[in-house]
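Take a look at the letters that make up each chain.
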Amino acid sequence: MMKRPVSVALPLLATLLLLLAHGGVAQENVLTRVAPSMLECYENPALFERDNRLPMTMNMLIELIRKVEDTPGFQQDIRQLAIALLHRFRQDGIVRAPGVPNISGVLPFSPTEFQFTKHRVLFSRLLPGNAVNFPNATLGPEERCALHFMLSNSIDRRVRGDENIRCSQLSQYRAARVPRELGDEKPVSRFRSNYLGDSEMLAQPEMDRIRQQIKKLRKQAARLEMDPDEELHEGAEDEEATEPEEEAAAPVEAAAEDGEGGEGEPLEEDGGGEAEAGQISDVSLVDIASNAISQCPVENGVVHTTWGSVMAGTLLAGIAAGLEPQTVQLRDLMTRSGEYRSRQQAQPLRVDNRWAATLSGDLAEVALLHVPGELNNVRVGAPGAWNHSVATRWYFLSQREHLQMTDTEIRAGIDGLLLATNIAEWRTRANGLRLSQVLDMYYSQRGVFNDTVRSCNRRDLYTTVAPMEQLRDQTVAFSTVLEREMQMAFTMQQPAIEMFSRQATDALANYIPTALNDLTCEATAIVSNDPTVWRTASDLYIFIDASWTYRDVYSVVTHILDSVDVGRFGSTYTILNARDGSVVVNTTRSLADFHMIYTPQEHERLPGGFNLPNVFRQLRNETNNLMSEERRTNNLSGRSKIALIIVNLDRVSEGDTNFAIQHLQIFREEVPDLRFIYLANGDAGRFNRFVRDERRDVFPLRALESGGVVDTIRVQLSPVIHRLQQEPRRVVNPRCGNNWVQENWGSNSMNQFVEPRGINFYRLHPNYFFLEGNNRRLRIQGHGFAHLTVCHSRWVERPRQNTTENRDSIECRTINTDAADIDLSRACEGHSVIHSCPPLFVSVEGPQVAPSVIRCSEPECRFPDNARFAIILDNMGCFSGASRTVSSLLMAALAAMLLVLFK
């Protein structure tokens, strides 16, 4: 049950004095114009252009929040940061003004949509605060605007001219007309909403004419930049546009489902293609249809997650409210005392800010704006789909009516209320809990401190977190407040507000179990019937062949990076060109770097094709630099090292093949833990000779088809990503460096972390223990955070205690404050060469349940319930045949030259 917050009676005068004390900046996001700090996102065309924005994903949101949290000297706690983010970046209801050109001194954008009224009430009275101390300099303009567009909710209803393509991909759309008068076409309630933000449809012939003009203008503006596929679509669109659209009253069907998911599939595999507002030089044609509604409007403020897209601003508002819960009496929320007296009841109404910020806030909009006009057909929910399976920037709704509470708002309302209900307890349990940690845990397979409270369980948790009677009461209470703030074409009495609120609540209760069919926890498990949490930690070198189209390369790399835990707790990556080996994106832990640097213009600049010798030369430089840095910093690594080469149709010549085979021997000696993985178009088997295991390390990649099949990316890359996740983490002797010359002996150690139900796999190559050595060992030292299971084997790459295969070759024990020692003094006895001696494989597995005492508070802890342990290497050596291999290759080359000379 939800913990009852302390009742707060905050007179309006006191609230105003508090705001004035913080200065005007404190509440700039409740002004009836675009907030000054957000103007850059609309005035700068490069920042406003939707196809230039960072992808709207939960991983990206978490990364940006984490970047703020990691700001040197940053001292704000989770509550202060949540409030600061909301006041700095969120402003709901911003839409473009029809008929107003973008000229000097005039910004044709303002918060005039219905969402702004609720927003203003929330942030001026229920979630007060400011962003005065927010570290703006930490984020670049692209990152700041990404946060604004992620957190701010609005619906762009303008006709774009691409509706015949986009909307037909969403569903079998049938034109529906918003009645212009109460007597038009069908009987309607006398309470039909005519809220200022709504628009009426023009007559169909006029709409058809305007669409034709818009299409012609867009085609002329974009013709030079189109793909051939897109030109075909345009031609088809023109033909279709000549046919009159059907008119029917049937509701729009949901977008196509992906497996169990209720959210629609991506519409296209290209990067968008729609013209953004302001892109077209002459917007007057759009403005002719100033009251035209797109058949599939664009919803803003949405972020993609595996378990359904959500409204990010609602999540943060729920967390902020949960950290400072208030129940406020109506008399303290009403702007005038007479209003309160007219609404007075036997039981005074109280508004709980946790409910107002989440489910009840959106239901109040349904009760006031939708129910009066649809008394006998109350509807909530509006499904939608992204334009792209990975580069998620455009989210299209599958209907143009009944948009007061969309599917993204429903998911976010449930999630936000769950977080609001539990966040205070979690914060008490984990001192120093971070905002990024909460989102990272909840939107994952692991859950927040258990496997129950996680987003894939939202539908099952709904009735628990939102008891029906409490939801009705809170909706009535907030609707009463909102009705007095919202400009509408009719006036409502309190009995009507109560009735409409209950009807909206009932509609939601019926909708969630039948229509909100998001992917389940079981459906998204990495390994079926295995609750283990898999994390990737790798140094990835990704070589891209620029003869692929930009769309294909961008899509493939984006999906891979989004799946391998890029960040300071997991993987790093470097993007390089497969033709000349040049670095495209320097080694980084930031997802945003790839999206900001690897643009279509950058892709066009790169030489296309594939040259394996150049790849090997550059890779040798990169790995030498890495190993030198590991020696300098005394770093045992803890990450795998993988070269992923994405090739189009080029083949390797015979001369390059001989070069490659020879240099693979050098890599095996100098960089024994480097793995090559090929992702190739055409016959992928042509690269079998250049990997250690052709069954595991060579994958086919077909060119991505134009169209909306999500599997073209996800299904093709699933085995590749699983392979990357399976590669054990390196454990190295940093004293060897890149030249394998050891100047001294001793012990080296590094701290590592594992989470509940998580497991880390490690590999130590025989290059570090080939010859006999006294007191040579690897030790796993527990630090008392939790009971850990340590297993090791010489033959099983991923040893586990409960495995059924090769059980006799695996040894396991449990540690807490003690240690597990693995003796390596004579580990290669009987082996004459290094490569015949098997590596040492080690696993460290976390507890099945989070410990009662959560103590991981250092910056290196990804989660508060991580268990810290140490890996210690004692008296390791440096054994490599690299010098002999190079000498042999030089001798062979010299012999070949002599043979040529004396022929």
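All residue numbers here refer to positions counted from 1 along the written sequence of the relevant chain. Given that the model is predicted, a residue must reach a pLDDT of at least 70 before its local features are reported, and side-chain atom pairs must reach 80 or more before they are shown or counted; all residues, however, enter totals for whole chains, interfaces and linings. To get the side-chain values, all heavy atoms of the structure are used, and hydrogens and water are removed first.

The chain is annotated in an unreviewed UniProt entry as VWFA domain-containing protein from Anopheles darlingi.

Draft legend 1. Highlighting the overall build of the chain. Numbering of helices and strands runs from the N terminus, with a helix taken as a DSSP run of H or I at least four residues long and a strand as a DSSP run of E at least two residues long. Scanning the chain from terminus to terminus reveals 29 helices and 29 strands. In the chain, which comprises 903 residues, the proportion classed as buried is 61%. Whether two residues are in contact is decided by their heavy atoms: any pair within 4.5 Å suffices. Considering only residue pairs separated by 6 or more positions, the chain has 81% of its internal contacts joining residues 24 or more positions apart. Entry remark: accessible area of the chain is about 36200 Å², with carbon and sulfur atoms responsible for 49%. Burial here depends on accessible area, computed with a 1.4 Å probe over protein chains only, as a share of the maximum for the residue type. Under 20% is buried, over 50% is exposed, and the range in between is partly exposed. Accessible surface is estimated by sampling points in the Shrake-Rupley manner with a 1.4 Å probe; for residues, cover comes only from the protein chains shown.

Draft legend 2. Spatial organisation of helix 20 (residues 468-485). An expected span of 1.5 Å times one less than the residue number is assigned to each helix. The end-to-end C-alpha separation of helix 20 is 26 Å, in line with the 26 Å expected for 18 residues at 1.5 Å each. Counting buried positions along helix 20 yields 13 of 18 residues, so the element is predominantly enclosed.

Draft legend 3. Focus on the nonpolar core. Among the buried residues, those of types Ala, Val, Leu, Ile, Met, Phe, Trp, Tyr and Cys that are joined through side-chain atoms within 4.5 Å form a nonpolar core. Judged by nonpolar contacts, the single largest core of 151 residues is most densely connected at L508, I646 and L679. There are two domains that each give this core at least three residues, and those are domain 1 (32-161 + 291-518) and domain 2 (533-727). L626, L664, L778 and V790 belong to the second-largest nonpolar core, a separate cluster that totals 68 residues. Domain limits in this description derive from either an automatic procedure or a database domain assignment.

Draft legend 4. Broad picture of the packing of aromatic side chains. Aromatic rings from Phe, Tyr and Trp, with only the six-membered ring used for Trp, were paired whenever their centres fell within 6.5 Å, and each pair was classed as stacked if the ring planes differed by under 30 degrees, edge-to-face if by over 60, and tilted otherwise. A full pass over the atoms with the stated rule returns 21 aromatic pairs. Relative to Y598, the ring of F594 has its centre 5.4 Å away and its plane inclined at 15°; by these criteria the two rings are stacked. There is no split in this pair, since F594 and Y598 are both buried. Here the aromatic residues Y42, F48, F109 and F149 are joined through ring pairs into a cluster of three or more. Across from the ring centre of W394, 4.7 Å away, lies the NZ or CZ of R50, which sits over that ring. A positively charged side chain is recorded as over a ring if its NZ (Lys) or CZ (Arg) lies within 6 Å of the ring centre. The angle to the ring normal must also be within 35 degrees. The ring of F48 has R53 sitting right over it, with the charged end atom 5.4 Å from the ring centre.

Draft legend 5. Structural view of the pattern of salt bridges. Each salt bridge in this description consists of a side-chain nitrogen of Lys or Arg and a carboxyl oxygen of Asp or Glu lying within 4 Å of one another. Within the structure shown, the criterion is met by 54 salt bridges. For R157, the salt bridge identified is with E113, shortest N-O distance 3.4 Å. One end of the pair, R157, is in the loop between strand 4 (154-156) and helix 8 (163-170); the other, E113, is in the loop between strand 3 (109-111) and helix 6 (115-126), and 44 residues separate them in sequence. Since its relative accessible area comes to 10%, R157 is described here as buried. By relative accessible area, which is 5% here, E113 ends up buried. Here R484 makes a salt bridge to E483, at a shortest N to O gap of 3.8 Å. The class of R484 is partly exposed, set by a relative accessible area of 33%. E483 sits in the buried class, given a relative accessible area of 6%. Taken together, the shared-partner salt bridges in this structure form one network comprising R66, D440, R446, R535, D565, E755, R862 and D865.

Draft legend 6. Quick peek at the sheet that holds strand 29 (residues 867-874). On the basis of which strands lie adjacent, the open sheet formed by four strands has the order 22-29-24-27 and antiparallel pairing. Single-partner strands in this sheet number two, and they are strand 22 (747-754) and strand 27 (819-823). On average, each strand axis in the sheet is tilted by 15° relative to the strand beside it, whichever way the strands run. Inspection of the sheet shows strand 24 (residues 777-782) paired to strand 27 by five bridges, in the antiparallel sense. By the bridge assignment for strand 27, R779 is matched with D821. At least two bridges found by DSSP between two strands is the condition for calling them paired. Between N-to-C directions, angles span 0 to 180 degrees; the directions come from axes that are lines fitted to C-alpha atoms, helices contributing only their stretch in contact.

Draft legend 7. Summary view of the state of the cysteines. Here, a disulfide means two cysteine sulfur atoms that sit within 2.5 Å of each other. Across all of its chains, the model carries seven disulfides by this definition. Two residues, C736 and C878, share a disulfide whose sulfurs are 1.9 Å apart. Its S-S torsion of approximately -95° makes the covalent link between C736 and C878 left-handed. With C736 in the loop between strand 21 (729-730) and strand 22 and C878 in the loop between strand 29 and helix 29 (882-901), this pair connects stretches of sequence that are 142 residues apart. Relative accessible area serves as the criterion here: at 1%, C736 is assigned to the buried category. Shown here is the disulfide that connects C856 with C861, its sulfur atoms set 1.9 Å apart. With the S-S bond torsion at -75°, the cross-link from C856 to C861 turns out left-handed. With relative accessibility at 5%, the residue C856 sits in the buried group. By relative accessible area, C861 is classed as buried at 3%.

Draft legend 8. Region of interest: the environment of R393. Secondary-structure assignment places R393 in the loop between strand 12 (384-386) and strand 13 (395-397). R393 sits 93 residues away from N300 along the chain, and the two C-alpha atoms are 9.3 Å apart. Beyond its immediate chain neighbours, meaning those up to four positions away, R393 contacts R50, D51, N52, R53, L54, P55, M56, W386, N387, Y554 and H595. Here a polar contact is taken to be a pair of N or O atoms separated by no more than 3.5 Å, where protein atoms must pair a possible hydrogen donor with a possible acceptor and residues adjacent in sequence count only if both atoms sit in side chains. At a separation of 2.7 Å, a polar atom in the side chain of R393 contacts the side chain of Y554.

Draft legend 9. How the structure looks around the side chain of T505. With respect to the element layout, T505 can be found in helix 21 (residues 494-515). The exposure class of T505 is buried, given its relative accessible area of 0%. Leave out the neighbours within four places in its chain, and T505 touches L363, M468, L471, R472 and T475.

Draft legend 10. View of the sheet that holds strand 16 (residues 572-577). Pairing within the open sheet is mixed, and its six strands lie in the order 17-16-15-18-19-20. Pairing within the sheet leaves two strands with one partner each, and these edge strands are strand 17 (583-588) and strand 20 (698-700). Between one strand axis and the next, the sheet turns by 15° as a mean value, whatever way the strands run. Most of the contacts of helix 22 (residues 550-561) go to strand 15 (residues 538-544), to which it runs at about 175°, and overall it touches strand 15, strand 16, strand 18 (640-647) and strand 19 (674-680).

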